[in-house]
Amino acid sequence: MATVKPLRAVPPPAPRPAVPPPAQAPVKATKSSKALVRAVAAGRAVAARPVVAPPPPSPRQNTLDGSWDKRLTRGIVSPDSSIDLHGHTLSSAHAMLDDGLSRAIARGDRVLLLVTGKPPRPESERPHARGAIRAAIADWLAASRHADAIAAVRGAHPRHGGQGALYIVLRRGR
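Residues numbered from 1 in each chain as written. Predicted model: local features only at pLDDT ≥ 70, side-chain atom pairs only at ≥ 80, totals over all residues. Heavy atoms only, no water.

## Topic: the overall build of the protein
The cut-off we apply is this: Each helix is a run of H or I in the DSSP string that is no shorter than four residues. Each strand is a run of E no shorter than two, and both are numbered from the N terminus. Only protein chains enter the accessibility calculation, which uses a 1.4 Å probe; a residue whose area is less than 20% of its type maximum is buried, one above 50% is exposed, and one in between is partly exposed. The contact definition used throughout considers only heavy atoms, calling two residues in contact when any of these lie within 4.5 Å.
A tally of helices and strands in the protein yields four helices and four strands. Listing the helices and strands of the protein from first to last along the sequence gives α-α-β-α-β-α-β-β. Residues counted as buried form 25% of the 174 residues belonging to the protein. Intrachain contacts of the protein at a sequence separation of at least 6 include 66% that bridge at least 24 residues.

## Quick word on the side chain of Ser144
The criterion, for reference: Definition of a polar contact: a pair of N or O atoms within 3.5 Å, with one able to donate and the other able to accept a hydrogen when the atoms are protein atoms, and with sequence-neighbouring residues admitted only if both atoms are side-chain atoms.
Considering the arrangement of structural elements, one finds Ser144 in the loop between α4 (132-143) and β3 (150-155). A distance of 2.9 Å separates a polar side-chain atom of Ser144 from the backbone nitrogen of His146. Once residues within four sequence positions are removed from consideration, Ser144 is found in contact with Asp98 and Leu101.

## Topic: the side chain of His157
Within the secondary structure, His157 is located in the loop between β3 and β4 (165-170). Contacts of His157, omitting those with residues within four sequence positions, involve Leu72, Thr73, Arg74, Gly75, Gly162 and Tyr167.

## Notes on the sheet that holds β3
We count it as follows: At least two DSSP bridges between two strands are required for those strands to pair. Between N-to-C directions, angles span 0 to 180 degrees; the directions come from axes that are lines fitted to C-alpha atoms, helices contributing only their stretch in contact.
If you walk across this open sheet you meet the four strands as β1-β2-β4-β3, and the pairing is mixed. The two strands at the open ends of the sheet, each matched to only one other strand, are β1 (81-84) and β3. Each neighbouring strand pair of the sheet contributes to a mean axis angle of 20 degrees, computed without reference to strand direction. Sheet analysis places strand β2 (residues 111-115) next to β4, joined by five bridges and oriented antiparallel. Note on β4: the bridge partner recorded for Leu112 is Ile168. Here helix α2 (residues 66-74) sits on the sheet and contacts β2, β3 and β4; the angle it forms with β4, its principal contact strand, is near 150 degrees. Against the sheet, helix α3 (residues 90-107) makes contact with β1, β2, β3 and β4, and its axis sits at roughly 175 degrees relative to β1, the strand it touches most.

## Section: the confidence of the model for the protein
Rule in force here: Confidence of the predictor at the level of single residues is captured by pLDDT, which takes values from 0 to 100.
Within the protein, residue pLDDT values average 76, and 61% of them lie at 70 or more. For the protein, helix α1 (residues 31-41) is the element with the lowest average pLDDT, namely 69, and α3 is the one with the highest, namely 92.

## Quick word on α4
Stated formally: The span expected for a helix works out to 1.5 Å for each residue beyond the first. It is the directions from the helix axis to the C-beta atoms whose arc is reported.
Here α4 is 12 residues long and its end C-alpha atoms lie 17 Å apart, about the 16 Å a rise of 1.5 Å per residue gives. Restricting attention to buried positions, one finds in α4 the residues Ile133, Ala136, Ile137, Trp140 and Leu141. Angular distribution of buried residues about the axis of α4 spans 140 degrees; they occupy a single face of the element. The exposed set on the far side of α4, more than 90 degrees from its buried face, consists of Ala135, Ala138, Asp139, Ala142 and Ala143. Where α4 is buried, its residues meet α3, β2, β3 and β4.

## Description of the nonpolar core
Put simply, the rule is: By convention a nonpolar core is built from buried Ala, Val, Leu, Ile, Met, Phe, Trp, Tyr and Cys residues, the set being connected through side-chain atoms within 4.5 Å.
In terms of nonpolar packing, the biggest core is built from 17 residues, with Leu97, Leu101, Leu114, Ile137 and Ile168 touching the most fellow members. Of all the secondary structure elements, the ones that give two or more residues to this core are α3, β2, α4 and β4. Beyond its immediate sequence surroundings of up to four residues, Ile168 is in contact with Leu97, Leu101, Arg110, Val111, Leu112, Leu114, Leu141, Ile150 and Ala152.

What follows is the structure, encoded as C-alpha cells:
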C-alpha cells in the first residue's frame, strides 16, 4: 500500500443549461383513453395491452405478378442459365451459388435454374441424410449480397427438375 497514491481531486463538471423538450401536438383524448383514466381514478385494476412491435420493413417483397407465376408453373419459361449443386459440400455449394448469381446478374439473366437435388423422402429417418443443400438455400439467398436483385424463388416445373430444382427470378436491371 505504500506505492498507492491517492487520486487528485477532480472538480465536478459544470451544470448544463436545461434544454426545453420539443413542442408536441396536443393528444386528442379518445373514448378508450377517457375510460382508462376513469378506471384508474376509481382505483380499479386495469389490464395493460401487450406491446407488439411492428415487423421490420422489408425492402422488397418476394412476389411476382400473376402472368409470371402462371408461366413458371406451366413450365413455359426457359431458364437463361443454370447452376448445378450436385456433389458439392455445403461450403462449396454456397460459394458456387454466390459466384453463379454474380455471373447471372452481370450477364443480365432473368431466370436462373438452381439444381439442388430432391428433398428428403417423407418416410426417411431423421436426421435426413439428403437435402442439406436444399434446406440451406433459402437462408443463403436471404443473406446473400445479391438478395436485393432476387425478385422471387419458385419451385421448378418437372421438365426442369421438379422438386429437385428451383427457379430464381432476378429483377430487371435498371
